[in-house]
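Descriptive structure summary
Chain by chain, the residues:
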Amino acid sequence: MKKQLLNIKFLMLAVFINTAAFAQTIKEDFANRLQSNMDAVWKEADADFSSNQVPEKWKGFSGVIIAQKVKFVFDKGSGADKLNVYETTHRKIKLLDKDGVNSYSEFYFRRGHENDGFALHIIKADGTVDTVSLLTAVLVEDNDDVPGTFTPYFEKQSTIKNKTKSENIYFKLAVSNLEPGDIIDYASTVFNDNDVAKMNSLEFDPVYYLCHRGYPVVSQKFEINTDERSYVNSKSINGAPEFKESSAGGYKVFTWQDNDREKIKDTRWVNEYLALPMTKFQIIYSKNNDATDLFISDRGELKKSITPDELAKKVNGIYDKMDAGAGKKLTQDNILAAYTTGLLSQTEYYLRKYEAYDAGDEDFIKRVYYVLRHTNGLYGRRLGSQFFAYVMLEKLKKKGLPAELIITTDNSTTGMDNVIFGTELQWLVRVKNKYVFNFSANSNPFDFKDDYLGNEAYVITLGKNPTATAVTLPLTTPEENYNNTVIEATMDANLEKTNITTTSSFKGISKHDNEGAALAYTNVYDVDYLAYYGDNDLDQLSDKKREEIDRLIFAKKEEFKKRKPEYMKRQLQNEYSNVVSYDNFTLVTDGRTFNKQELKYTEKFVLGDLTRKAGKNYLVNVPLLMGGQYQVKPEDRIRKYDIDVRYPHTLTWDINYTIPAGFTVKGLAGLNQSVENETGAFITKATIEGTVLKLNIKKIYKQTKVKKEDFGKMLEFIDAAYNFSQRKILLKKN
């Protein structure tokens, strides 16, 4: 028996080695077909792709995009069941140094349908054109490993029926003969046959395209070809070119072109989608151009704007489709109602089971929120804001609590004045003069998000004559969003390493930005039911099933014990250059319940490289314990765009450094400073109490948005923080 087990183990090992050593390569007939499918691209007489030269002004970059074009064809064709989408990309890039060459040492392409295509040419400095063979390409095991540059803008859509042939099968092609000065010229086609047999409409994900790319661009363009049932919404902002309309071969054609686009060197504190030149567009398939809930215009016309009255009618139409009230028949034409019926029933079950309707008004709001979070927000699940707002409003109505529906946008994507897609709308609820936003896995009722601070919004009244009334969402203060870290530091006997114990606390939006790392590989979601005063769902299982689940939970906890220290050490390495060891993480409060909204945890770890011997004395970089501070380089001090730090917040560090026996601290004078203006502050205080050096540090971002003309004021406290972090104290031998 032991021999059999041993043989099985060796067999499994052999299979693993064989799989790793002989990755699946592409078949020759597939490779040939992929390349031949791109012949039409090479034959196109596109003047933008005829040149091999780049402007002299850009020869200092790693690469220059000579030309790139993405062409979409949306074709219902002769069949009634399929919407065929062809997406053809052609890029020509000159690589000017080793970094550029390394960036394109690997290519990826899809072979998921007979209409897919890929071909790569390398143009050498002497003009020689090499066609790269695809026969060495290997299958990609995990499609998440495919870089976005090589994936299509429009994936195959999820539909009621799915009798399609296209698949997401990707291959990776290594290219070894590239040199600085080479030009890569490649083209690809991704084909998806979307099944629309039972679909009244199909909304493709919007495309947000920043004109500035990773390299400077000589020419770039989009071309959208649509049939009689496909509609295009588009909007260009901040000086980006507009789409132009024409007709060709029975298609409506929408073309966008941009030329001579510089590369932006530094985009820190830039709200890119709101500040930089950008075009955005969406394609919607619809059998009915009178659809009240779709953001579409007449066939062949670009939809470029939406009025408040239109917005009210569209939102009302969506709400009406979701409304699964008594007497409403659920059909395939009303998928939203079918889905929301399930949401309402599920939520009602929990509310009734735990007697939520008997609770006070605010407590009821919290319970609805936490039930929705528990049933729809854990373990990677999501719920669209429109569904959240719908269920919340319906349950508040049932409780007899007046509430309002409010529509706004995510201000990292767009403002209300530039809304053109239905997916850009964020739905929320105002009740008892408080705002209730859609949940995340760790949020609490009435939590504010930086994406909505100070936003323009509309109160939507629903019914036969819907209206939209403009409102402005509230702001927040630096005091409401804080991050406090208490640091206890002691040296080892050789004065080479520093033993650290930290206690970190977060509240407000600062908590939201830090909770992901803190709660990863913990078991907080296992007791999520406590937030709505419920019972463990696992208690309803049979003894046999519960025993099986408990074994899985125990195994998960054991795995988390191993992974958590490794994960947190990697997080620390973003702040400190030499993390010798990570020894302990203890979660004090997870911040996921209304009564305990502060996230708090402790860590123990060891740092090296903080001390440097100077004769009998030591120089110690104690201020660096606050973590890395941003250094603004000389070339980035002239600001082209306004600053957006997302939300006002306060960071404090209380460092308690135990002075080693036999030494005295010198150089405290430079550790006391105060820099403050209307944009922010950096304030420090240094004292010695017994054998402990205490540093109290405060950094405040007072404003969400700072005008570029005031960047110099912001630099005052940013520079002060960086310079302080570089200071050293002298440990003088007694």
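Residues numbered from 1 in each chain as written. Predicted model: local features only at pLDDT ≥ 70, side-chain atom pairs only at ≥ 80, totals over all residues. Heavy atoms only, no water.

Within the structure shown, the criterion is met by 50 aromatic pairs. A centroid spacing of 5.1 Å and a plane angle of 40° characterise the contact between tyrosine 357 and phenylalanine 364, whose relative ring orientation is tilted. Since its relative accessible area comes to 0%, phenylalanine 364 is described here as buried. Plain terms: the ring middles of phenylalanine 506 and tyrosine 601 are 5.9 Å apart, the flat faces sit at 25° to each other, and that makes the pair stacked. Here tyrosine 601 lies in strand β24 (residues 599-607) and phenylalanine 506 lies in strand β22 (residues 498-507), a separation of 95 residues in the sequence. Classification of phenylalanine 506 as buried rests on a relative accessible area of 3%. Residue tyrosine 601 is classed as buried on the basis of its relative accessible area, which comes to 8%. Members of the aromatic cluster, each reached through a chain of ring pairs, are Phe72, Phe74, Tyr153, Phe154, Phe204, Tyr209, Phe222, Phe243, Trp256 and Phe281. A cation over an aromatic ring shows up here: arginine 268 above the ring of tyrosine 630, its NZ or CZ 3.6 Å from the ring centre. One Lys or Arg, arginine 639, reaches over the ring of phenylalanine 711 and ends 5.2 Å from the middle of that ring. (Phe/Tyr/Trp six-rings, centres within 6.5 Å; stacked < 30°, edge-to-face > 60°. Buried < 20%, exposed > 50% of the residue type's maximum accessible area, 1.4 Å probe, protein only. Helix = DSSP H or I, 4+ residues; strand = E, 2+ residues; numbered from the N terminus. Lys NZ or Arg CZ within 6 Å of the ring centre and 35° of its normal.)

Further remarks concern the side chain of threonine 476. Summarising the element assignment, threonine 476 is placed in the loop between β20 (467-472) and β21 (482-491). For threonine 476, a relative accessible area of 16% gives the class buried. A distance of 2.7 Å separates the side chain of threonine 476 from the side chain of glutamate 480, its partner in a polar contact. Reaching out from threonine 476, the side chain makes a polar contact with the side chain of asparagine 481 at a distance of 3.3 Å. Once residues lying within four places of it in the same chain are set aside, the contact partners of threonine 476 are Leu453, Asn481, Ile509 and Pro648. (Polar contact = N/O pair within 3.5 Å; in protein donor to acceptor, adjacent residues only side chain to side chain. Contact = heavy atoms within 4.5 Å.)

Averaged over all residues, the pLDDT of the protein chain equals 90, while 92% of them reach at least 70. Here residues 1-22 is a poorly scored stretch, pLDDT under 50, and it has zero contacts once near neighbours within four places are set aside; other chains count. (pLDDT = per-residue confidence, 0-100.)

For soluble globular proteins, the rule of thumb is that nonpolar side chains tend to be buried together. One finds Val622, Leu625, Tyr657, Leu695, Met714, Ile729 and Leu731 to be the most contacted residues of the largest nonpolar core, which totals 60 residues. Per element, the largest residue contribution to this core is eight residues, and it comes from helix α12 (residues 711-725). Discounting residues that sit within four places of it in the chain, leucine 731 has contacts with Asn617, Tyr618, Val620, Tyr657, Ile659, Pro660, Phe663, Thr664 and Val665. (Core = buried A, V, L, I, M, F, W, Y, C linked by side-chain atoms within 4.5 Å.)

In a beta sheet, neighbouring strands pair by backbone hydrogen bonds and run either parallel or antiparallel. Taking strand neighbours across the sheet as the criterion, the eight strands line up as β5-β4-β8-β2-β1-β11-β14-β13 in an open arrangement whose pairing is mixed. Strand pairing shows two members of the sheet lacking a second neighbour, β5 (129-131) and β13 (244-248), which therefore form its edges. The mean angle between the axes of side-by-side strands here comes to 15°, regardless of whether they run parallel or antiparallel. In this sheet, strand β2 (residues 82-95) lies alongside strand β1 (residues 63-75) in antiparallel orientation, the contact comprising 12 bridges. Counterpart to lysine 71 in the pairing with β2 is threonine 88. (Pairing = 2+ DSSP bridges. Axes fitted to C-alpha atoms, helices over the stretch in contact; angles between N-to-C directions.)

What follows covers the layout of surface pockets. One number sums up the size of the second largest pocket: a volume of about 1200 Å³. What lines the second largest pocket is a set of 39 residues, and nearest its centre among them are Asn483, Asn514, Glu575, Gly628 and Leu651. Per-element accounting of the lining of the second largest pocket gives the leading share, seven residues, to helix α10 (residues 509-519). Among the residues making up the lining of the second largest pocket, the classes are represented as 18 nonpolar, 14 polar and seven charged. (1 Å grid on protein atoms, 1.4 Å probe; cavity = no way out; pocket = protein on both sides within 12 Å on 5 of 7 lines; lining within 4 Å. Points joined across faces, edges and corners; volume = space filled by probe spheres on them. Nonpolar A, V, L, I, M, F, W, Y, C, P; charged D, E, K, R; others polar.)

In this section: empty space enclosed by the protein. Over the atoms rolls a probe the size of a water molecule, and in doing so it shows where empty space is left. Following the criterion strictly, the structure yields two cavities of 30 Å³ or more and no others. Space inside the largest cavity adds up to approximately 50 Å³. Every residue along the wall of the largest cavity is listed here: Gln68, Lys69, Val70, Arg91, Tyr153, Tyr209, Gln220, Lys221 and Phe222. Breaking the lining of the largest cavity down by element, the ones donating at least two residues are β1 and β11 (217-226). Its residues assigned to classes, the lining of the largest cavity shows four nonpolar, two polar and three charged. Around the second largest cavity sit Tyr350, Leu351, Tyr354, Ala356, Arg367, Val371 and Tyr532, which together line it. Of all the secondary structure elements, the ones that give two or more residues to the lining of the second largest cavity are α7 (335-353) and α8 (361-376). Here the residues of the lining of the second largest cavity are counted per class, giving six nonpolar, no polar and one charged.

Moving on to the environment of phenylalanine 49. Counting through the fold element by element, phenylalanine 49 comes out in the loop between α3 (39-43) and β1. On a C-alpha basis, the gap between phenylalanine 49 and glutamine 220 in space is 10 Å, while along the polypeptide they are 171 residues apart. Setting aside residues up to four positions removed in sequence, phenylalanine 49 forms contacts with Ala67, Gln68, Lys69, His90, Arg91 and Lys92.

All right, on to the pattern of salt bridges then. Summed over all chains, the structure comprises 38 salt bridges. With a shortest N-O distance of 2.7 Å, glutamate 348 and lysine 395 are connected by a salt bridge. One end of the pair, glutamate 348, is in helix α7; the other, lysine 395, is in helix α9 (residues 385-399), and 47 residues separate them in sequence. Judged by its relative accessible area of 13%, glutamate 348 is buried. Lysine 395 gets classed as buried once you look at its relative accessible area, which sits at 5%. In this structure, arginine 646 and aspartate 451 form a salt bridge, with 3.1 Å as the shortest nitrogen-oxygen distance. Residue arginine 646 is located in the loop between β27 (643-644) and β28 (649-658), and its partner aspartate 451 is located in the loop between β18 (434-436) and β19 (456-461); the two are separated by 195 residues in the primary sequence. The same class applies to arginine 646 and to aspartate 451, which are both buried. Because the salt bridges share partners, they merge into one network encompassing Glu348, Arg352, Lys395 and Lys398. (Salt bridge = Lys/Arg side-chain N within 4 Å of Asp/Glu carboxyl O.)

The next thing to look at is the environment of asparagine 584. The residue asparagine 584 is located in strand β23 (residues 579-590) in this model. Through-space distance from the C-alpha of asparagine 584 to that of phenylalanine 605 is 7.0 Å; in sequence the pair is 21 residues apart. Sequence-distant contacts of asparagine 584, that is, excluding residues within four places in its chain, are made with Thr602, Glu603 and Lys604. In this structure the side chain of asparagine 584 is engaged in a polar contact, spanning 3.0 Å, whose partner is the side chain of threonine 586.

Turning next to unusual backbone geometry. Notably, asparagine 238 is not glycine yet its phi reads approximately 55°, a positive angle. On the secondary structure map, asparagine 238 appears in the loop between β12 (230-237) and β13. Asparagine 238 sits in the partly exposed class, given a relative accessible area of 38%. Located in the positive-phi region is aspartate 609, a residue other than glycine, with phi close to 70°. Structurally, aspartate 609 can be placed in the loop between β24 and β25 (611-614).

In this section: the pairing of β19. Relative to β19, strand β16 (residues 403-409) runs antiparallel, the two being bridged by three bridges. When the sheet's bridge partners are listed, isoleucine 406 is paired in β19 with valine 459. The pairing of β19 with β20 spans six bridges and is antiparallel. Within β20, the residue paired with threonine 461 across the bridge is threonine 467. Linkage of β19 to β20, two consecutive antiparallel strands, is achieved through a turn of five residues, within which glycine 463 is found at a positive phi near 130°.

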